[in-house]
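Summary of structural features
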Amino acid sequence: ATAAGISPPWYLQDPKFAVLAKTGLRDADEGASSGTGTADGTSVHARLSEAKSQNEAVDVVMDALVARVAKTLQTSVHEIDTQRFLHSYGIDSLAAIELVNWAMRSCQSHITVFDVMSAVPITAISRKIAMGSKALPKEVAASA
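What you are looking at is a predicted structure, and each value in this text was computed from that prediction instead of being measured.

**Considering the overall build of the chain**
The helix and strand tally for the chain stands at eight helices and zero strands. Mapped in sequence order, the helices and strands of the chain form the string α-α-α-α-α-α-α-α. Here the chain, with 144 residues, has 33% of them falling under the buried criterion. A separation of at least 24 residues holds for 60% of the contacts in the chain among residues at least 6 apart in sequence. Taken as a whole, the chain presents about 8500 Å² of accessible surface, with 56% of it coming from carbon and sulfur.

**Quick notes on the pattern of salt bridges**
Following the criterion strictly, the structure yields one salt bridge and no others. Of the charged contacts, one joins lysine 128 and aspartate 115 as a salt bridge, the two residues approaching to 3.8 Å between their closest N and O atoms. With a gap of 13 residues between them, lysine 128 in helix α7 (residues 122–131) and aspartate 115 in helix α6 (residues 113–117) connect regions that are remote in the sequence. Lysine 128 sits in the partly exposed class, given a relative accessible area of 43%.

**Let's talk about a negative patch on the surface**
A grouping of Glu50, Glu56, Asp59 and Asp63 is seen on the molecular surface, where their side chains present a negatively charged patch. Considering the arrangement of structural elements, one finds glutamate 50 in the loop between α3 (44–49) and α4 (54–73). Residue glutamate 50 is classed as exposed on the basis of its relative accessible area, which comes to 53%.

**Regarding the packing of aromatic side chains**
Considering all chains together, one arrives at zero aromatic pairs under this definition. Looking at arginine 84, its charged tip hangs above the ring of tyrosine 89, at a distance of 4.1 Å from the centre.

**Here's the deal with α4**
For α4, built from 20 residues, the straight-helix expectation of 28 Å at 1.5 Å per residue is met to within 8% by its first-to-last C-alpha distance of 28 Å. Glutamine 74 occupies a position one or two residues after α4 and carries a positive phi of about 55 degrees.

**Digging into the nonpolar core**
Nonpolar side chains tend to gather and get buried jointly when the protein is soluble and globular. Counting residues in hydrophobic clusters, the biggest one holds 33 residues, and the most contacted among them are Leu48, Leu86, Ile91, Trp102, Val116 and Ile129. If you list the elements that add at least two residues to this core, you get α3, α4, α5 (93–107) and α7. The leading source of residues in this core is α4, at 10 residues. Apart from residues lying up to four places away in sequence, leucine 86 is in contact with Val69, Ile91, Leu99, Val116, Val120, Ile122 and Ile125.

Cut-offs used in this document
- Residues numbered from 1 in each chain as written.
- Predicted model: local features only at pLDDT ≥ 70, side-chain atom pairs only at ≥ 80, totals over all residues.
- Heavy atoms only, no water.
- Helix = DSSP H or I, 4+ residues; strand = E, 2+ residues; numbered from the N terminus.
- Buried < 20%, exposed > 50% of the residue type's maximum accessible area, 1.4 Å probe, protein only.
- Contact = heavy atoms within 4.5 Å.
- Areas by Shrake-Rupley, 256 points an atom, 1.4 Å probe, with all protein chains shown as cover.
- Salt bridge = Lys/Arg side-chain N within 4 Å of Asp/Glu carboxyl O.
- Patch = residues over 30% accessible without salt bridge, like charges linked within 9 Å, V, L, I, M, F, W, Y side chains within 5 Å.
- Lys, Arg positive; Asp, Glu negative; His and termini not counted.
- Charge placed at Lys NZ, Arg CZ, Asp CG, Glu CD.
- Phe/Tyr/Trp six-rings, centres within 6.5 Å; stacked < 30°, edge-to-face > 60°.
- Lys NZ or Arg CZ within 6 Å of the ring centre and 35° of its normal.
- Expected span 1.5 Å × (residues − 1).
- Core = buried A, V, L, I, M, F, W, Y, C linked by side-chain atoms within 4.5 Å.

Without other data, these values stay purely geometric and don't point to any function.
Following this line, the structure appears as structure tokens:
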């Protein structure tokens with residue numbers, strides 16, 4: 001109701017359902033409720049297509065990836081250390097498949113489950129996703 005801008009349903013006024021009124025508010029406050037957007041509400045694809053440099057593209061992907069992982073773990077983005085491996089956060093093969101699908105859908109980048117599960121930091125995975133993205137402007141991709 002909050003995200004849609006409509007008044008809350010009547011049952012949220014009942015104390016036994018009060019906890020439901022708070023459901024999902026943390027994600028909305030962080031701007032990462034869907035995992036496909038960024039804190040300012042724009043899509044990862046749109047931000048990648050506007051990137052002026054490789055570092056900017058990597059930052060866009062890393063912010064979105066960290067938000068996605070934080071949402072999966074039901075924690076804050078501030079709790080995710082980008083120098084750690086994804087599997088150190090308990091990302092298993094099923095979650096890795098979801099991240100591979102997210103990278104393809106949101107970033108137009110092809111990565112494998114092995115890339116996600118490998119012993120490389122989140123920064124390296126973000127760079128691989130960003131540099132492989134078809135959404136990058138040609139001049140940024142060419143400077144790789």
